[in-house]
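Here's the letter readout for the chains.
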Amino acid sequence: MRKTHERRTLMAEQKVITRNRPIKSCQYCYNHKLKCDKAQPCSACISCKTTDQCIYGFAKKSSKFSSGTITAKDKPINKKPFRMTMQRIKKVGKGSAVYKSKFSYPFFSSSINDKILSAGQFDKSEFADVSARNELHKFDRSASPARSLEEGLALLPSSKEAALSHVETYFERIHPILPLFSQERVINAFTDVYHSLHVREAVDVINLLVIMAIFFCSSYAEVASGVIPDLLLCNNYYRTIRLLLDILEFPFRPHLEPLQAFTAVHFVIDPNMVDASAYAPMLVRMGQELGLHKGLTTDTIESKLMWNMLLYIEGSSSVVRGFPFLASASVMNEVPLPELEADIDCGYPISFTIGRCKINHVFRDIMELTSRKNITLEELESAEAKIETLYKEICTINVSLLKNHPAYSAYYSSTLNVFLYRLHLRYYALSCLKSEEDKLLYKTSHVVSSEGPIDIMGILAVKQKLRKEVIQLSLLLLLHTYKRLVQKDIDKFAWYTRGSTVMQYLFVIIKDVFENPEQPLEISEFSAIFRQTIDDDMLEIIQGSPVLCKYVLVEGVLALMELKLVALWSNEDIYKLLLVKAVKDRVW
């Protein structure tokens, strides 16, 4: 019996499993797992300058790792390899701590905020009624980098002319909102890379990164607006960008173009900067390493705007989380913003970026006060004076936008006014939230649902003393949000407009209706600085029905968001909207 077993084992060890399928790729493509077009030499070997290895019908090395034959001795017996699938991974473990500042979504119900922040996941059935969700909600920023540069080079269109169509899309859809790259720099990158490919020279990695960032951002914007139906191209561009950043040792080695590329890609993915609070300070620090804060790199308008946009991203990500800014006042003021006159000579609205950065500068002062236990009357008066000055500056900027960029001036102006109201509301939150406390929440394994146990009447019954200015500003913010969403031909900005998540301000108005259902809205009670931001259309809405206008506005904004934005939102944002609708339905 033992001899029979030994004989079978010996025969098994000598048995050879032969590869029947012939290898058609060249030797280089086969060894590096590249797609081979079987030309002589193939395009992959030409791009990689390895034509000497473009050999067909080659003899494989006699190694159990590279050979086409495997002996039974080498083959695992009755043992399947363990594959780590996403279903087996817990990204956030139960019990993980989540810090919640009381200034994070300060006018939303605390119980709703706590429930969302501590949620393990959301009930997918909640989103069944959201018809035709855009593919953007599936995008995964943790995707693995591409395996080789060849994968990235294979994504390039065959001609430079075809590739430049992406440049047009980028400067039409992205650059007006995020002016980081100059058009000259981008064109030079395309010219250099395509020239290198044509003469079979090594491709400059930095220029290739610039191209991939342009490709990704333009493709992502087109997915958002429905021009491209899926994320296939975006995913491939993004994986290549991750590889190129690794090759360039980003963020450990400071280079201007990797900083620009990383910033552009992640701002386009997350325009509200909800997930930017950790990496945004890194961008500012890298900008300092490059001398952007001293104007040492270049003295161009783009360079000045880029430094201020890095500060804007760090600031906005701090505001979202209710944190003070990390950038000091001196750092914020080191590089002056361009003058408004620059708007006349440029093909994009510089004044729109200037306005956002001006708002960001005052936001820093307000968020600095949130870290104080005691705030003096002088500090509050100083902050209020800065806000009043800012209203005048934003009005001047809106005039410049109407004059120099009339096609989309209403969209840009409404956006600036929304940001201005958010700033002013945070100022009033300093007094409204005196009695509130910061919290340390813990992640649970619960699947949250808007149908789950939440006491809507209990939420509405909580007395929160809100100043009349909070109600007025929330109404103005919703009016300008409505105006922003009804503008014509703004689909190209869908990637940016999807950041209009105004649920906490809807909640403020719904709660006010609950407490004061028949109280009219009187324009005469609005302060002078508020009235200067109200246009004739808004005035007509308010004066036409001072009592019902609040009901109509809430319904109108909800309907527009469901029509234009919900398909682009994350599960968390949709869940907040569903909760607000549930509260609204109970009140109505």
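Here's a quick rundown of the structure. Bear in mind that the values here come from a model prediction, so they are computed numbers and not experimental data. (Residues numbered from 1 in each chain as written. Predicted model: local features only at pLDDT ≥ 70, side-chain atom pairs only at ≥ 80, totals over all residues. Heavy atoms only, no water.)

1. Brief notes about the overall build of the protein chain
Point 1. For the protein chain, the helix and strand inventory stands at 25 helices and six strands.
Point 2. The long-range share in the protein chain, meaning contacts at least 24 apart out of those at least 6 apart in sequence, stands at 80%.
Point 3. For the protein chain, the exposed surface amounts to about 29500 Å²; the carbon and sulfur share of it is 52%. (Helix = DSSP H or I, 4+ residues; strand = E, 2+ residues; numbered from the N terminus. Contact = heavy atoms within 4.5 Å. Areas by Shrake-Rupley, 256 points an atom, 1.4 Å probe, with all protein chains shown as cover.)

2. What about the packing of helix 19 (residues 468-485) against helix 21 (residues 503-515)?
Point 1. Interaxial distance between helix 19 and helix 21 falls to 9 Å at its minimum, and their mutual angle equals 125°. Classified by the angle between their axes, helix 19 and helix 21 sit oblique to one another. Seen from above, helix 19 lies across helix 21 with left-handed handedness. Together, V470, I471, S474, L475, L477 and L478 of helix 19 and Y505, L506, V508, I509 and D512 of helix 21 make up the contact between the two elements.
Point 2. Of the residues belonging to the contact of helix 19 with helix 21, the class tally is nine nonpolar, one polar and one charged. (Axes fitted to C-alpha atoms, helices over the stretch in contact; angles between N-to-C directions. Parallel < 35°, antiparallel > 145°, perpendicular 65-115°, else oblique. Left-handed = near helix turned anticlockwise from the far one by under 90°. Nonpolar A, V, L, I, M, F, W, Y, C, P; charged D, E, K, R; others polar.)

3. A short note on the environment of D37
Point 1. With respect to the element layout, D37 can be found in the loop between helix 2 (27-32) and helix 3 (43-48).
Point 2. Considered as a pair, D37 and S25 are twelve residues apart in the sequence and their alpha carbons are 7.8 Å apart.
Point 3. The contacts of D37, once residues within four sequence positions are left out, are C42 and S43.

4. Side note on helix 19
Point 1. Taking 1.5 Å of rise per residue, 18 residues should cover 26 Å, and helix 19 covers 26 Å from first to last C-alpha, within 8% of that figure.
Point 2. The element helix 19 is extensively covered by neighbouring structure, given that 15 of its 18 residues are classed as buried. (Expected span 1.5 Å × (residues − 1). Buried < 20%, exposed > 50% of the residue type's maximum accessible area, 1.4 Å probe, protein only.)

5. Things to note about the packing of helix 9 (residues 232-247) against helix 10 (residues 256-269)
Point 1. Where helix 9 contacts helix 10, the two axes come as close as 11 Å, and the packing angle between them is 150°. Viewed along their axes, helix 9 and helix 10 form a crossing whose handedness is left-handed. Touching Y238, I241 and L245 of helix 9 are P258, F262, V265, H266 and I269, all from helix 10.

6. Considering the environment of D140
Point 1. Residue placement: D140 occurs in the loop between strand 4 (121-122) and helix 5 (149-153).
Point 2. The sequence separation of D140 and Y238 amounts to 98 residues, and the corresponding C-alpha distance is 9.6 Å.

7. Re the environment of Y505
Point 1. Within the element layout of this structure, Y505 appears in helix 21.
Point 2. Exposure remark for Y505: the relative accessible area of 4% places this residue in the buried category.
Point 3. When the C-alpha atoms of Y505 and L477 are compared, they prove to be 7.8 Å apart, with 28 residues separating the residues in sequence.

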